[in-house]
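A closer look at the structure
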Amino acid sequence: MGAAPADGHPARRRTGSAIRRFRAAEDGLAAAELALILPVLLTIMLGGIQLVAYINAVRKVELVVQSISQMISQTSPPDASTSVATVNAADLHFSYDAALVLFPYLMDDAKRQGKSWWQDITINYASIQFTQVATTCSDGSDLSACYVANVVWTSTGTTQPASGAAFRPCGVPQVPAANNAAPTRSALPRSVYGPASLIVVDVVFTFTPTFGTQILQPIRIARSAYVQPRYASLVNYDTTNNDGIATRCPGF
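These remarks concern the structure in this document. No experiment lies behind these values; they were computed from the predicted model shown.

Once that is clear, we can look at a nonpolar patch on the surface. A grouping of L36, I37, L38, L41, L42, M45, I49 and F211 is seen on the molecular surface, where their side chains present a nonpolar patch of about 740 Å² in accessible area. One can find F211 in the loop between β6 (197–207) and β7 (219–227). Under the relative-accessibility criterion, F211 is labelled partly exposed at 37%.

This is the structure we're talking about:
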């Protein structure tokens, strides 16, 4: 019988070389696959991060609008001789500054865009008084035909969007709109009309993606809250020491 091939036998060397070439080919294929898949994975990952950031921004805007409207609506009359409460410039500034506590993302987002945090969000206030103009309405769930909505005071001095003023104007009755309509400065949902008054807070924030700004466009987030005063028949504006943050409309 012949002796077994030694480790250095040509047959074994050829087999080992073939295995090494096969492994090298596998490594090259894996590298090529990774090069093809990695951009897709990175896009999905970064897109997911932006989606989470956007959802969080929406929730924070909703928190801001609800919290500020509650702060203003809970103002009490000064004494039992009147049912009308008042807020002043200091009250509005305090509630406006609360937005930074509720939505701290504003600080980083504003810094990234080279502006102050209070320029990164628009918060508008208004008090609405309903005046009855008809005694009967055909639809008990929609009283917009029986009442006219007038602006008592409005925040003319807060930061406004680049697209134009968003505060609710004096001297122009608010028009009734569908309950699911997008918020606008000139309209109120039909369901809020009735024998009462309202505090309206409108918040607008433009979400600008951190990544992929060449592909992903800024998204406008607008939310409004319509809250009846809790302890007063109306919340008016005290113009004492007014610094221009708000304007009391003529006749009120």
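We are not done yet, so read on.
Let us look at helix α3 (residues 105–113). Since the α-helix turns once every 3.6 residues, residues separated by three or four places project in the same direction. Where α3 is concerned, the buried positions are L106, D109 and A110. The buried residues of α3 occupy an angular sector of 100° when projected down its axis, which confines them to one face. More than 90 degrees from the buried face of α3, the exposed residues found are D108 and K111. In this structure, the buried side of α3 is in contact with α2 (89–102), β2 (121–132) and β6. Directly beyond the C-terminal end of α3, a positive phi value near 75° is found at G114.

Attention now goes to the pattern of salt bridges. On inspection of all chains with the given rule, the structure shows 5 salt bridges. Residue D120 pairs with K115 through a salt bridge whose shortest N-O separation is 3.7 Å.

Moving on: the environment of A196. For A196, the location among the structural elements is in the loop between β5 (187–189) and β6. Through-space distance from the C-alpha of A196 to that of S233 is 6.9 Å; in sequence the pair is 37 residues apart. Filtering out sequence-adjacent residues up to four positions away, A196 remains in contact with Q129, F130 and Q228.

Looking now at the pairing of strand β3 (residues 147–154). Among the 8 residues that make up β3, 6 are buried, leaving the element largely enclosed by the rest of the structure. The pairing of β2 with β3 spans 7 bridges and is classified as antiparallel. Bridge pairing in β3 places F130 opposite A149. Of the strand pairs in this sheet, β3 and strand β9 (residues 247–248) are connected by 2 bridges, and their pairing is antiparallel. In the sheet register, W153 faces β9, and the bridge partner there is R248.

What follows deals with unusual backbone geometry. At N241, a position not held by glycine, the phi torsion is positive, near 60°. Structurally, N241 can be placed in the loop between β8 (234–237) and β9. N241 gets classed as exposed once you look at its relative accessible area, which sits at 70%.

On to the pairing of β8, then. Here β8 shows no split at all, with L234 and N236 on one side and V235 and Y237 on the other all buried. Pairing geometry for strand β1 (residues 84–87) and β8, over 4 bridges, is parallel. Bridge pairing in β8 places A85 opposite V235.

The topology assignment puts T208 in the loop between β6 and β7. Exposure remark for T208: the relative accessible area of 16% places this residue in the buried category.

Time to look at the packing of aromatic side chains. The final tally for this structure, using the stated rule, is 7 aromatic pairs. Taken together, a centroid distance of 6.4 Å and an interplanar angle of 80° make the contact between Y105 and F205 edge-to-face. One end of the pair, Y105, is in helix α3; the other, F205, is in strand β6, and 100 residues separate them in sequence. According to the relative accessible area criterion, Y105 is partly exposed, its value standing at 24%. With 5.1 Å between their ring centres and 55° between their planes, F130 and Y193 make a pair best called tilted.

The next point concerns the sheet that holds β7. Spatially, 5 strands are ordered β7-β6-β2-β3-β9 in an open sheet, and the strand pairing comes out antiparallel. Of all strands in the sheet, those bounded by a partner on one side alone are β7 and β9. When β6 meets β7, the two strands line up antiparallel, connected through 9 bridges. Among the inter-strand pairings, T206 is bridged to a residue of β7, identified as R220. Set on the sheet, α2 makes contact with β2 and β3; between it and β2 the angle comes to about 130°. Sheet strands touched by α3: β2 and β6. Its angle to β6, the strand with the most contacts, is close to 50°.

Basis of the calculations
Residues numbered from 1 in each chain as written. Predicted model: local features only at pLDDT ≥ 70, side-chain atom pairs only at ≥ 80, totals over all residues. Heavy atoms only, no water. Patch = residues over 30% accessible without salt bridge, like charges linked within 9 Å, V, L, I, M, F, W, Y side chains within 5 Å. Areas by Shrake-Rupley, 256 points an atom, 1.4 Å probe, with all protein chains shown as cover. Salt bridge = Lys/Arg side-chain N within 4 Å of Asp/Glu carboxyl O. Helix = DSSP H or I, 4+ residues; strand = E, 2+ residues; numbered from the N terminus. Buried < 20%, exposed > 50% of the residue type's maximum accessible area, 1.4 Å probe, protein only. Arc of directions from axis to C-beta. Contact = heavy atoms within 4.5 Å. Pairing = 2+ DSSP bridges. Phe/Tyr/Trp six-rings, centres within 6.5 Å; stacked < 30°, edge-to-face > 60°. Axes fitted to C-alpha atoms, helices over the stretch in contact; angles between N-to-C directions.

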